[in-house]
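Fold and geometry: a report
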Amino acid sequence: MISSAKVGLIATSPSQGRVGTRSSTESIENYLRRAYDLFGGGKEAKDVVLLLELFFLFKVGRDGNKPRSGLQAVIAICDFLAFAKTPPWRWSSIQIYDYLTSLTVSNFSRATIRGRHHYIKHFSDAVLADRDIVNKLQRKYPDASFQQITNEASRALIRGFDKRKKILSCPSPNEVEQVLNYLESEFFEVAETDENCTKQYVLLRDRAIIATFYAYGARLTELVNADVTHFDYDPECPEYGELGIWHIIGKGDKERHLPVFEPWIYPILTGYLNEVRSHWTHDPRTPVKDKNALFFGNTRHRISCTTVQRIVKERFREAGVLKEISPHRLRNTCLTRVTDTVGLKEAAKFGGHSHSSVTEGYYSRQASAAGDALRNHVKKIYRQQFNAETREEQD
């Protein structure tokens, strides 16, 4: 919450030459000044500057993002402020429709437009989440109408109204096992006809990628950036050798150290490292800077995010799983399993989340090996009642 920073809408006197009120926001002073000048330097201008500072603190201090990421967020909000020419407490949905349309007409990329939409949504969420800030604004500006201006219609402007949003589903443990078994059977079938073993290497690599997502719940960028040197010996589990612990520097430069949570991942990774990975590392065309990469693409460079996404999507489809699966959905399935096993608090640590509430949002009843708790409870009560009635009839 923004209130955790213990700041309000009453600004202290800015430092000489600055409109910002906090030393931690000096890196965004140029954009604070632009917003201040945009609204004429009055009381509205000061409140807009304070909201921008609070948003920066929210992005960097609460969410754990890098300062540069917070700067990009402030730049996006300042651009929308310049377009709308109204303070945030008077924003409306029609303004964001107009803004997104102008970006499209100006030939901005879809990725850029999605990013702007995301930052505006996050800004609104950050302020609306703090009722103290909203109440102060409404008392100060009686005509204020704070609302979350991003919605399904604004998202449709980004992807196109004629395109339906893809509904991604979390795979169940049985479906993941189905894919891993399919890739293994394909390997043995291809081994009889593939003389140069290229297809075999690719199949085993793809199997190791999917298994790693499912076993560790890593983010897409974490797996892509993984090196073999990031794995280490775990003295508590010496049987796993140098694969005992995976040291990950994740989102927001947060470090976590993942043990082997599922024993079956060890033989899969060991087989990949000992027999498959050398197909790329021993190739003289592989760049020296990528020699330590855990996984490689078909171009002999470190594997890319796009390639991993395509592998996951296509391999599940080939195995007969008709759901739309992404690497992040495999992460959901893993964290669901970890939550079922060791609880929500430990699962949050495993997934690299600062708050357990984030991990709770990852929980998928469909992906849970324990099944739907409510449905299981109803079945249990029904069986107990049915058995009691049966015993009464027999007596």
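Before reading on, note that the structure itself is shown above.
In this text the structure is predicted, and so the values were computed from the model without any measurement.

In this section: the overall build of the chain. Helices and strands together make up the secondary structure of the chain, namely 17 helices and three strands. Evaluated residue by residue, the chain yields a buried proportion of 44% over its 395 residues. Restricting the contact set of the chain to residue pairs at least 6 apart, pairs at least 24 apart contribute 62%.

In total, this model carries 14 aromatic pairs according to the counting rule given. Three or more aromatic residues joined by ring pairs form one cluster here, namely F55, F80, F83, W91, Y99 and F123.

Under the definition given, this model contains 22 salt bridges. K323 is the partner of E175 in a salt bridge, and the nearest nitrogen-oxygen pair spans 3.0 Å. One end of the pair, E175, is in helix α8 (residues 173–191); the other, K323, is in the loop between α13 (305–318) and α14 (327–342), and 148 residues separate them in sequence. Assessed through its relative accessible area of 28%, K323 is described here as partly exposed.

On to the pairing of strand β2 (residues 245–249), then. Here is the key point about a regular strand: its side chains alternate between the two faces of the sheet. For strand β1 (residues 231–232) and β2, the ladder comprises two bridges, and the chain directions are antiparallel. Bridge pairing links D232 to I245 in β2. Of the strand pairs in this sheet, β2 and strand β3 (residues 255–259) are connected by five bridges, and their pairing is antiparallel. Of the residues in β3, the one forming a bridge with I245 is P259. In textbook terms, the turn of a hairpin is the stretch between consecutive antiparallel strands, and for β2 and β3 this stretch comprises five residues, one of which, G252, has a positive phi near 70°.

This part covers helix α5 (residues 110–128). Here α5 contains 19 residues, and its C-alpha end-to-end distance of 27 Å stays within 8% of the 27 Å for a straight helix at 1.5 Å per residue. When we look at burial in α5, the residues that qualify are I113, R116, H117, Y119, I120, H122, F123, S124, A126 and V127.

So, about the packing of helix α4 (residues 93–105) against α5. Closest axis-to-axis distance for the α4/α5 pair is 10 Å, and the angle between their directions is 160°. Considering their axes alone, α4 and α5 lie roughly antiparallel with respect to each other. The crossing of α4 and α5 is right-handed. From α4, I96, Y99, L100, L103 and T104 reach across to α5, where they touch I113, R116, H117 and I120.

What counts and how
- Residues numbered from 1 in each chain as written.
- Predicted model: local features only at pLDDT ≥ 70, side-chain atom pairs only at ≥ 80, totals over all residues.
- Heavy atoms only, no water.
- Helix = DSSP H or I, 4+ residues; strand = E, 2+ residues; numbered from the N terminus.
- Buried < 20%, exposed > 50% of the residue type's maximum accessible area, 1.4 Å probe, protein only.
- Contact = heavy atoms within 4.5 Å.
- Phe/Tyr/Trp six-rings, centres within 6.5 Å; stacked < 30°, edge-to-face > 60°.
- Salt bridge = Lys/Arg side-chain N within 4 Å of Asp/Glu carboxyl O.
- Pairing = 2+ DSSP bridges.
- Expected span 1.5 Å × (residues − 1).
- Axes fitted to C-alpha atoms, helices over the stretch in contact; angles between N-to-C directions.
- Parallel < 35°, antiparallel > 145°, perpendicular 65-115°, else oblique.
- Left-handed = near helix turned anticlockwise from the far one by under 90°.

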